[in-house]
Amino acid sequence: MLKNVLEYLEQTVEQVPDRLAFADEAHTLTFSELYQAGRSIGTALARRTACHNRPIVVLVERSAMTVAAMLGVLYSGNFYVPLDRQMPRQRMKQLLEQLQPEALIFSQAAEELAAEFSPLCPLFLLEEAVHTAPDSALLALRRQRVLDLDPAYMIFTSGSTGLPKGIVISHHSIIDFMEWYTPTMGITGHDVLGNQAPFCFDLSVKDLYTTLKTGATTWIIPKMCFSFPLLLIRFLNQHHVTTLSWATSAFHLVANSGVLEKEVPERLRMVILGGEVLQAKQLNRWRRALPQVQYVNLYGPTEVTVDCTYYFIDREFDDTETIPIGKACGNMDVFLLDADKNPVPQGTPGELCVRGSGLALGYYGDWERTAGAFLQNPKNPWYLDRVYRTGDLAVEDAAGNFCFIGRKDHQIKHGGYRIELGEIEAALNGLPKLDAAVCLYDRERDKIICIYQGACSGEEIARTLREMLPKYMLPNLYHQIRQMPYNRNGKIDRAQLKREYDGTNSE
């Protein structure tokens, strides 16, 4: 029985030590080199951190060495927290203060940035740590303290109060998911994966642990390729990529570019999608260009280990049809509840709820929000049975597949990221020249709309927000109004704002 995700790497390195594991434009790591690097980094961290099962931040880049750093954290007996080093510094400082990590590991490229955070936690330079001689006895001591129920990683997601939520995932949850995922998707050591998702986005978990488990190779696709789709296709062909596990937004981008009519990924056999709603129109463009490829639509909030439903696309869809998100993944249960927590009949919309081994351990250091989201299963009054209420609305079709309808609150999926509009509003309402601000989401155009009352221009607001929020959370449009409408309860009337925006947009 597997207990620690590091066992995937250790089993694979015995079988194919010299096979390429992870590669980017500047670095390549075989499984043997990755194993040695992880143990070296783990030793450096373990010698200077007395605790175990504590968060260690990794300032991530799109590089193979980032993988070594994350594995090094696991070898030290702790869990990694990937943070994008391009994140606004104010937000990063907020997260570090909230997290109080045991350490922060960074590369030379981020040395100036990391120095700003030296008062908050010890710093480790990746290029120095990787040259530490591994201490097998120390690493074994740290390993034996870690249970499969202990954390492996934590990913921050947007929070409605303005404070991001740190979602903690255990070794057990990753192992249980991967034991179902890789055979179900038919991924083996002969496959080459093309990584698109940043390591601070939970979609990348599939690339990372699929590689470690199966002995496949992962090429990290340069971000620039997604600005020049022809370069992207040529990159995939150059490295003989067979499998893509991408955010749906990237899949749509390639479809909309028209590049598939000129050139296609010649070795591609499987495309696995997730992160937001898959549109049939874009899917059909891929299928016309690559009819032999198997396409799979997956769904899952960050509060589960990557995904909880899947749907193998096995029939034709009209451009306007809804693509199902499918049925529950292995060892997971998915069902719909109404507002009173009662099960809904087939064909009736309800809130999607999830239970099973993939559930997160909760929100780091936030018992109140954890208790509000992870509830006792209302269908089971006899023993502890946690359920996560996703806040997503869905309906079960006649074939038993779930179909996504939308959010029941102000949380959205935009650009492949799960975002609380309330966090953007919290930042907006903290600006001195703004009297009030509301964010709406135009799903048809995939745009975040900022409606505000105050003495400033949209350009001024945008400039300020760039220093406070990640790029993917920035509003796409700014609309100034003279006075916010209020309802009987004294709250801003969002419904009226939405009607007015829709009326203006349709003209």
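Rules and cut-offs
Residues numbered from 1 in each chain as written. Predicted model: local features only at pLDDT ≥ 70, side-chain atom pairs only at ≥ 80, totals over all residues. Heavy atoms only, no water. Phe/Tyr/Trp six-rings, centres within 6.5 Å; stacked < 30°, edge-to-face > 60°. Helix = DSSP H or I, 4+ residues; strand = E, 2+ residues; numbered from the N terminus. Buried < 20%, exposed > 50% of the residue type's maximum accessible area, 1.4 Å probe, protein only. Lys NZ or Arg CZ within 6 Å of the ring centre and 35° of its normal. Core = buried A, V, L, I, M, F, W, Y, C linked by side-chain atoms within 4.5 Å. Contact = heavy atoms within 4.5 Å. Polar contact = N/O pair within 3.5 Å; in protein donor to acceptor, adjacent residues only side chain to side chain. 1 Å grid on protein atoms, 1.4 Å probe; cavity = no way out; pocket = protein on both sides within 12 Å on 5 of 7 lines; lining within 4 Å. Points joined across faces, edges and corners; volume = space filled by probe spheres on them. Nonpolar A, V, L, I, M, F, W, Y, C, P; charged D, E, K, R; others polar. Axes fitted to C-alpha atoms, helices over the stretch in contact; angles between N-to-C directions. Parallel < 35°, antiparallel > 145°, perpendicular 65-115°, else oblique. Pairing = 2+ DSSP bridges.

### Details of the packing of aromatic side chains
- What the rule picks out here adds up to 19 aromatic pairs.
- Measuring from centroid to centroid gives 4.9 Å for Phe201 and Tyr417, while their planes differ by 25°, and the two rings are stacked. Here Phe201 is found in the loop between strand E9 (192–195) and helix H9 (204–214), whereas its partner Tyr417 is found in strand E23 (residues 417–420), with 216 residues between them in sequence.
- For the pair Tyr363 and Phe374, a centre-to-centre distance of 5.8 Å together with 65° between the ring planes defines the contact as edge-to-face. Here Tyr363, found in strand E18 (residues 362–363), pairs with Phe374, found in strand E19 (residues 374–376); they are 11 residues apart in sequence, far enough to count as distant. For the pair Tyr363 and Phe374, one class covers both residues: buried.
- Three or more aromatic residues link up through ring pairs in this structure, and these residues are Phe177, Trp180, Tyr181, Tyr310 and Phe312.
- We note Arg48 situated over the ring of Phe124; from NZ or CZ to the ring centre the distance is 4.3 Å.

### What to know about the nonpolar core
- With 84 residues, the main nonpolar core has Leu34, Tyr80, Met185, Tyr209 and Leu212 as its most contacted residues.
- Sorting elements by how many residues they give to this core places helix H3 (residues 64–75) first, with 10 residues.
- The contacts of Tyr209, once residues within four sequence positions are left out, are Val5, Leu74, Tyr80, Ile174 and Met178.
- Within the second largest apolar cluster, 33 residues are counted, among which are Cys225, Phe251, Val259 and Tyr311.

### Focus on the side chain of Arg287
- As for its position among the elements, Arg287 is in helix H12 (residues 280–289).
- For Arg287, the side chain forms a polar contact with the main-chain oxygen of Arg315, separated by 2.6 Å.
- Not counting residues up to four positions away in its chain, the partners in contact with Arg287 are Tyr295, Ile313, Arg315, Glu316 and Phe317.

### A closer look at empty space enclosed by the protein
- This model, assessed by the stated rule, comprises 3 cavities of 30 Å³ or more.
- Around the largest cavity, the lining residues are Met70, Tyr80, Pro82, Tyr153, Ile155, Phe199, Ser204, Val205 and Leu208.
- Listed by contribution, the elements that provide at least two residues to the lining of the largest cavity are strand E4 (79–84), strand E7 (151–157) and H9.
- Here the lining of the largest cavity takes 3 residues from H9, the largest share from any one element.
- The residue inventory of the lining of the largest cavity, partitioned by class, reads 8 nonpolar, 1 polar and no charged.
- Quantified by volume, the second largest cavity comes out at close to 40 Å³.

### Re the packing of helix H8 (residues 171–185) against H9
- At a closest axis distance of 10 Å, the pairing of H8 and H9 adopts a crossing angle of 75°. Relative to H9, the element H8 lies roughly perpendicular. Contacts between H8 and H9 pair Ile174, Phe177, Met178, Glu179, Tyr181 and Thr182 from the former with Lys206, Tyr209, Thr210, Lys213 and Thr214 from the latter.
- For the contact of H8 with H9, the residue count by class is 5 nonpolar, 3 polar and 3 charged.

### Things to note about unusual backbone geometry
- Unlike most non-glycine residues, Asn53 shows phi in positive territory, near 55°.
- Counting through the fold element by element, Asn53 comes out in the loop between helix H2 (31–48) and strand E3 (55–60).

### As for the sheet that holds strand E24 (residues 434–442)
- Sheet architecture is open: 3 strands sit in the order E24-E25-E26, paired in mixed fashion. Each edge of the open sheet carries a strand with a single partner, namely E24 and strand E26 (477–480). Across the sheet, the mean angle separating the axes of adjacent strands is 25° when strand polarity is ignored.
- Where strand E25 (residues 447–454) and E26 come together, 4 bridges link them in parallel fashion. Pairing of Ile449 across the sheet is with Leu477, part of E26.
- Sitting on the sheet, helix H14 (residues 421–428) touches E24 and E25, and the angle it makes with E24 is about 155°.
- Across the sheet, helix H15 (residues 458–465) is in contact with E24, E25 and E26; its angle to E26 comes to roughly 130°.

### Some words on the layout of surface pockets
- Computed from the structure, the second largest pocket encloses a volume of approximately 430 Å³.
- Taken together, 19 residues form the lining of the second largest pocket, with Leu440, Tyr441, Asp442, Arg443 and Lys498 sitting closest to its centre.
- Of all the secondary structure elements, the ones that give two or more residues to the lining of the second largest pocket are strand E22 (411–414), E24 and helix H16 (494–506).
- When residues of the lining of the second largest pocket are assigned to their parent elements, the largest contribution, 6 residues, is made by H16.
- Per-class residue counts for the lining of the second largest pocket are 7 nonpolar, 3 polar and 9 charged.

### As for the sheet that holds strand E10 (residues 217–220)
- Taken in spatial order, the 9 strands of this open sheet run E2-E1-E10-E9-E11-E12-E13-E14-E15, and their pairing is mixed. Each of the sheet's edge strands pairs with one partner strand only, and the pair in question is strand E2 (28–30) and strand E15 (327–328).
- In this structure, strand E11 (residues 243–247) lies alongside strand E12 (residues 270–274), joined through 5 bridges in parallel fashion. When the bridges of E12 are listed, Leu244 appears paired with Val271.

### Remarks on the environment of Arg47
- Along the chain, Arg47 turns up in helix H2.
- Judged by its relative accessible area of 51%, Arg47 falls in the exposed class.
- C-alpha separation for the pair Arg47 and Pro151, spaced 104 residues apart in sequence, amounts to 20 Å.
- Ignoring sequence-local partners within four residues, the contact set of Arg47 consists of Thr132, Ala133, Asp135 and Leu138.

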